[in-house]
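# Structural overview for review
Below, each chain spelled out in residue letters.
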Amino acid sequence: MSEALINRLVEFAESGNQQKIILAGQSHQGWIMEITEDALLISTGFAEKTGKDVWINFSELEHAQLFYWDNQLDQWATFTL
């Protein structure tokens, strides 16, 4: 994947307190834990017992909605790649 896309995903991971990815009607809310050459890992839930890690390929992100929690506005803000 392009370096520009990876840099943009790093910005997404560092935006707000949490991130939310809506893909195919399913919402994944949590923290971006890792970004590789072709996917990112989002960790959801507040504890190991309720959370899970989900790998999302960059190709899937083309069809996803990305949000981050804006602490100043106290609401979800849209993030565009």
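Along each chain, the written sequence defines residue order, and numbers are assigned to residues from 1. Two thresholds apply to this predicted model, a pLDDT of at least 70 for residue-level local features and 80 or more for giving and counting side-chain atom pairs, whereas whole-chain, interface and lining totals are computed over all residues. In computing side-chain properties, one takes all heavy atoms of the structure into account and sets aside hydrogens as well as water.

Further remarks concern the packing of aromatic side chains. The rule is short: rings of Phe, Tyr and Trp, with Trp giving its six-membered ring, pair when the centres are within 6.5 Å, and they are stacked under 30 degrees, edge-to-face over 60, tilted in between. Taken as a whole and assessed by the stated rule, the structure comprises 3 aromatic pairs. Taking the centre distance of 5.1 Å and the plane angle of 40° together, the rings of phenylalanine 12 and phenylalanine 79 count as tilted. One end of the pair, phenylalanine 12, is in helix H1 (residues 3-14); the other, phenylalanine 79, is in strand S6 (residues 75-79), and 67 residues separate them in sequence. Using a relative accessible area of 9% as the deciding quantity, one classes phenylalanine 79 as buried. Where tyrosine 68 meets phenylalanine 79, the ring centres are 6.4 Å apart and the plane angle is 80°; that geometry is what we call edge-to-face. Remark: phenylalanine 79 occurs in strand S6 and tyrosine 68 occurs in strand S5 (residues 65-70); sequence separation between them is 11 residues. The same class applies to tyrosine 68 and to phenylalanine 79, which are both buried. In this text, helices come from DSSP runs of H or I with a minimum length of four residues, and strands from runs of E with a minimum of two, each type numbered from the N-terminal end. Only protein chains enter the accessibility calculation, which uses a 1.4 Å probe. A residue is then buried if its area is under 20% of the maximum for its type, exposed if over 50%, and partly exposed in between.

Turning next to the pairing of strand S1 (residues 19-23). Here S1 lies mainly inside the structure; 4 of its 5 residues are buried. For two strands to pair, DSSP has to find at least two bridges joining them. When S1 meets strand S2 (residues 26-35), the two strands line up antiparallel, connected through 5 bridges. Counterpart to lysine 20 in the pairing with S2 is glutamine 29. A loop of 2 residues connects S1 with S2, the two strands running antiparallel in sequence, and alanine 24 in this loop sits at a positive phi of about 55°.

Salt bridges, as used here, are contacts in which a Lys or Arg side-chain nitrogen is within 4 Å of a carboxyl oxygen on Asp or Glu. Evaluated as defined, the whole model comprises 1 salt bridge. In this structure, arginine 8 and glutamate 11 form a salt bridge, with 2.7 Å as the shortest nitrogen-oxygen distance. Here the residue arginine 8 and the residue glutamate 11 both occupy positions in helix H1, the gap between them amounting to 3 residues, near one helical turn.

Just geometry here; none of it tells us what the structure is for.
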